[in-house]
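Read off the chains here:
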Amino acid sequence: MERLGRPLRGDRLPHGGRPRGSHIVRGRASRELGTRLIDRVGGGATCLPPRSTPRDVRHMNTSATLRPLLDAKSVAIVGAVPARDHGKLASKPILNLQRYGFRGSIYPVNPKFDSIAGLTSYQSLSDLPEAVDCVMMLRNADYALPTLHEMVEREIPAAVVCSSGFAEIGGDGAERQRELSESARAAQIVLCGPNTNGLLNFRNGMMLGFHPLLEQERLVRAGSVSVVSHSGTVTGAIMARLQAADVGFGYVISAGNEAIVQAADYMEYIAADDDTRVVVLYLEQVRDADRFLASCEALQRAGKTVLALKAGASKAGAEVAFGHTGALVGSHEAFRAAAEARGVIICEGLEDLVALTKMAATSAAAPSSSIIGLSMSGGLNGLMADAADRGSVPFEPLTEATIGRLREIVPISSPTNPFDLTGLAVDRPGVLDQVLDALADGTSAKEYVFSLGLMPDTTWPEWSRVCSEFASRRGVRMSVYAASGRREGDGYGFFERAGIPVYESIDPLMRSLRAFSAAAARPATQLRVVPAADKRIPDDVPGRRELLTEWGLNYIPYSFVTDPDAAVRSSSEMGYPVAMKVASEAIAHKAKYGLIALDVHSEDEARRAYERLSDNFEALRDTMPNLGTLRVETQKMLPRGGMEVFIGAKVDPDFGVTVSAGLGGGLVEAIADLSSAQAPLDEVRARHLLESNPILGRALAGGKWDVEALVSTLVRFSEMASAMAGQLDEVECNPVVVSSEGAWVVDDLWLTRSDGETP
């Protein structure tokens, strides 16, 4: 791999990774289906006959395929034990099925017992009175394949394999999972897991899982949130936090190692579920990018709110995720760009994931870019204003008419946003109603934040009713900040039961508002297909700059020289002032070593600048012996006053090309604040990418810049990167200088692929 810029990590996934020569840019080469069942316990090998109705279990794209797994009407629990063994996990599933009122048939399978939980216990699957829809396997990993063989004999279409000891441990475990998955594919059996805490369906009481929350006295209620997760523990944490906020669930699925059914398959199934409004994802890897993105599109078309938290954003997180489920993670930024292009909201941590879910589950109101705040305390308003500033959430200014109405309702308050209700709202019934109506009549904001401390017991039910009715009547979303904290049986529960989310911390609340606002402002994505370029990326710097020019980017005039006289001639020909720098790809930070000269205004200055650059270059040979021959680039300097912008592109083996933009020059590393989107861009998405960057967006809005030229440059650059993706790892133009008269590329770096190598 040729290095012409900063190196990138080339993430590869071992599970279904792309072989050399397969299609590039996005997607994986399919693996052939296995055809044999290896009986690890008995040591034999048995050919599995095909089903009479073939079904491709590699692509779970029909509801009929997954229905026996997710909406089973009868289940068998292999390895179940009686309730007296309450310390064992194997005693939990049948009790949970009974407690949550599963409406189908339940068959314990364990030859050691005659009955379990009041139900006849069977010796084997062969002894069952009917062929059930789904089997839950609770025995250790060595028994998975023999149990699968029994399923084939009874034509049972689905199983939940809870056992660990498969690909997550590597070695023999990985081989064991390969045999299990190939055998299941050959028999056209769908599997959840292995290495899973199971799956739950709160609509029909199908509790094929172990989550301790199910054993608590208070039942988890059915609702509009479905969860797909790669971690049973994280799933339990999400459920516990949301149940405490009175949020209900549809499907809760721990995908485990995904030997057959992947997160994308569950997502596509849930897209067709009318009762699910919010889909929560915790992901440690994406094994098939094409399938995952297609499922995101299906959820987007179905109008679901999709919230995702993905492990592996850091190097440490990526290493832990690999050890947990036995698969590598890909580039986080590429994942984010591709998922956001399909309507997914990416969360930065578990706290934000829960905060966003509470907000999405309790209201379908359209987000707005500004908010209305109110409380009973100037102090709380100050805290709320600080948190809103940290979260980049603006308060909507009040009109003079609204200010006048508020003064009439609460004469002792200062009519600002956020608004202080004062104690008058407690003493006088109807004040809260009037204030809310006055704010709604005079503003367009759809998000309201109510900061509350301790109040009289009689106030909670009335105010929660008023806020709920107001939100419904006005089509807005109300959120409550519990400044006094939560305790069991507190008054904040009235708000939650009225469908208003309550937050103990103000910052996650504000970040949630910001995330919903940003998602709503993101332009609709219709990704174009840019044909792969026939032309090879040139090996030389002039050739690559010519390539940028051919794609419509303006490159600043330049030339390369190797002696002082040539430096003077080229500088005089292009016109002063000029810049001069050592053209060495081995030195990334040239300014650090005195290898750049700016504002060269005459022939004499050009000669002295060349000699100074030469001396500094030669001084580096003791520490950098492979520098090669000195070559200096002279470049026309643009008029002062331009702004330096960074644009770059990276090719991910799974999610394709991601384009980034932000402040450029030396600031790109000092500030490290880039915004990214999946390529190729059109003008609308390119403009949004630039304007949505917190720092660059403000800079562009505050000056007389030729934004149209910069947008055009970014669009052309994204198209070039998409067309060259098969030859490219990374390319960046830094800086691109934008002024009132246009945008010009001043420098470029490339990291290309060797001939024949694919991303």
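Residues numbered from 1 in each chain as written. Predicted model: local features only at pLDDT ≥ 70, side-chain atom pairs only at ≥ 80, totals over all residues. Heavy atoms only, no water.

Provide a residue-level description of the overall build of the protein, including the pertinent values.
Looking only at helices and strands, the protein features 24 helices and 32 strands. Per-residue burial for the protein yields a buried fraction of 56% across its 759 residues. Long-range pairs, those at least 24 residues apart, make up 72% of the contacts in the protein between residues at least 6 apart in sequence. Within the structure as shown, the protein displays about 31400 Å² of accessible surface, and the carbon and sulfur contribution to it stands at 49%. (Helix = DSSP H or I, 4+ residues; strand = E, 2+ residues; numbered from the N terminus. Buried < 20%, exposed > 50% of the residue type's maximum accessible area, 1.4 Å probe, protein only. Contact = heavy atoms within 4.5 Å. Areas by Shrake-Rupley, 256 points an atom, 1.4 Å probe, with all protein chains shown as cover.)

Which residues make up the sheet that holds strand β22 (residues 502-503), and what values go with them?
Reading across from one edge, β19-β18-β20-β21-β22 is the order of the five strands in this open sheet, with parallel pairing throughout. Each of the sheet's edge strands pairs with one partner strand only, and the pair in question is β19 (419-420) and β22. Of the strand pairs in this sheet, strand β18 (residues 371-375) and strand β20 (residues 447-452) are connected by five bridges, and their pairing is parallel. Bridged to I372 within β20 is Y448. Running over the sheet, helix α17 (residues 506-521) touches β18, β20, β21 (477-482) and β22 and is turned about 160° from β21. (Pairing = 2+ DSSP bridges. Axes fitted to C-alpha atoms, helices over the stretch in contact; angles between N-to-C directions.)

Explain unusual backbone geometry residue by residue, including any values.
It is generally the case that most residues other than glycine have a negative phi and that most peptide bonds are trans. Following Y576, the chain continues into P577 via a peptide bond in cis, with omega recorded as 0°. Its place among the elements puts P577 in the loop between α19 (564-574) and β24 (578-582). At the junction of N734 and P735, the peptide bond is cis and its omega measures out at 5° in the coordinates. Despite not being glycine, D246 has its phi angle at roughly 65°, a positive value. For D246, the position within the fold is in the loop between α5 (232-244) and β14 (249-254). You will see that D599, though not glycine, has its phi angle at about 55°, which is positive. Position of D599 among the secondary structure elements: in strand β25 (residues 596-600).

So what's going on with the sheet that holds strand β9 (residues 158-161)? Which residues, and what values?
The five strands lie next to each other as β5-β4-β8-β9-β10, forming an open sheet whose pairing is parallel. The strands lining the two open edges of the sheet, one partner per strand, are β5 (105-109) and β10 (190-192). Strand-to-strand, the axes of this sheet are offset by a mean angle of 20°, without reference to chain direction. Two strands pair when backbone bridges link them, and β9 and β10 are joined in this way by three bridges, in the parallel orientation.

Go over the packing of helix α10 (residues 350-362) against α17 with me, naming the residues and quoting the values.
At a closest axis distance of 9 Å, the pairing of α10 and α17 adopts a crossing angle of 65°. Accordingly, the angle class assigned to the pair α10 and α17 is roughly perpendicular. The crossing of α10 and α17 is right-handed. In this structure, α10 uses E351, D352, A355, L356, M359 and A360 to contact α17, whose residues at the interface are P508, L509, R511, S512, L513, A515 and F516. (Parallel < 35°, antiparallel > 145°, perpendicular 65-115°, else oblique. Left-handed = near helix turned anticlockwise from the far one by under 90°.)

Explain the confidence of the model for the protein to me, using residue names and the numbers behind them.
In the predicted model, the protein carries a mean pLDDT of 87, and the fraction of residues at 70 or more is 88%. Every residue in residues 1-58 is under pLDDT 50, and counting partners more than four places away or in other chains gives 159 contacts. In the predicted structure, residues 316-330 sits below a pLDDT of 50 and forms 42 contacts with residues beyond four places in sequence or in another chain. (pLDDT = per-residue confidence, 0-100.)

Could you give an account of the environment of M478, with specific residues and numbers?
Inspection of the secondary structure puts M478 in strand β21. The contact partners of M478, leaving out residues within four places of it in the chain, are L436, Y448, F450, C467, F470, I500 and P501.

Give a detailed account of the pairing of strand β4 (residues 74-78), specifying residues and quantitative values.
Most of β4 sits inside the fold, with five of its five residues counted as buried. Here β4 shows no split at all, with S74, A76 and V78 on one side and V75 and I77 on the other all buried. Direction of pairing for β4 relative to strand β8 (residues 134-137): parallel, over a ladder of four bridges. Looking at β8, one finds that A76 is bridged to V135.

Mind laying out the packing of aromatic side chains, listing which residues take part and the relevant values?
Following the criterion strictly, the structure yields twelve aromatic pairs and no others. Where Y100 meets F202, the ring centres are 5.9 Å apart and the plane angle is 80°; that geometry is what we call edge-to-face. With a gap of 102 residues between them, Y100 in the loop between α2 (92-99) and β5 and F202 in the loop between β11 (198-201) and β12 (206-209) connect regions that are remote in the sequence. Given a relative accessible area of 13%, Y100 falls into the buried group. A relative accessible area of 8% places F202 in the buried class. Ring centres 5.2 Å apart and planes at 75° place the aromatic pair Y448 and F470 in the edge-to-face group. (Phe/Tyr/Trp six-rings, centres within 6.5 Å; stacked < 30°, edge-to-face > 60°.)

Tell me about the packing of helix α1 (residues 63-70) against helix α6 (residues 263-271), and name the residues and values.
Running from N to C, α1 and α6 cross one another at 100°; their axes reach a closest spacing of 10 Å. Viewed along their axes, α1 and α6 adopt a mutual orientation that is roughly perpendicular. Within the contact between the two elements, α1 uses S63, L66, R67, L69 and L70 and α6 uses D265, Y266 and Y269.

Let's hear about the nonpolar core: which residues, and what values?
Grouped together as the largest cluster of nonpolar side chains are 84 residues, with contacts concentrated most on L69, V75, V135 and F292. In terms of residue count, the dominant contributor to this core is α6 (seven residues). Apart from residues lying up to four places away in sequence, V75 is in contact with L97, F102, S105, I106, Y107, V132, C134, M206 and L208. In terms of nonpolar packing, the next biggest core, distinct from the first, is built from 47 residues, F249, V278, C347 and F395 among them. (Core = buried A, V, L, I, M, F, W, Y, C linked by side-chain atoms within 4.5 Å.)

Just give me the short version of the state of the cysteines, but keep the residues and values in it.
Enumeration over the complete set of coordinates arrives at zero disulfides. Looking at C134, it has no disulfide partner, and the nearest cysteine sulfur is the one in C192, 8.3 Å off. Cysteine C162 is unpaired, with the sulfur of C192 as its nearest cysteine sulfur at 7.5 Å. Accessibility expressed as a relative area gives 12% for C162, which makes it buried. (Disulfide = S-S within 2.5 Å.)

Could you give me a rundown of the pattern of salt bridges, with the residues and numbers involved?
For the structure on display, the rule yields 40 salt bridges. In this structure, the salt-bridge partner of R178 is E175, at a minimum N-O distance of 2.4 Å. A residue pair is termed a helical-turn pair when its members lie 3 or 4 positions apart in one helix, as R178 and E175 do in helix α4 (residues 172-187) at three residues. The exposure class of R178 is partly exposed, given its relative accessible area of 31%. A salt bridge links K581 to E633; the nearest nitrogen and oxygen atoms lie 4.0 Å apart. Taken as a pair, K581 in strand β24 and E633 in strand β26 (residues 632-636) lie far apart in primary sequence, 52 residues in all. (Salt bridge = Lys/Arg side-chain N within 4 Å of Asp/Glu carboxyl O.)

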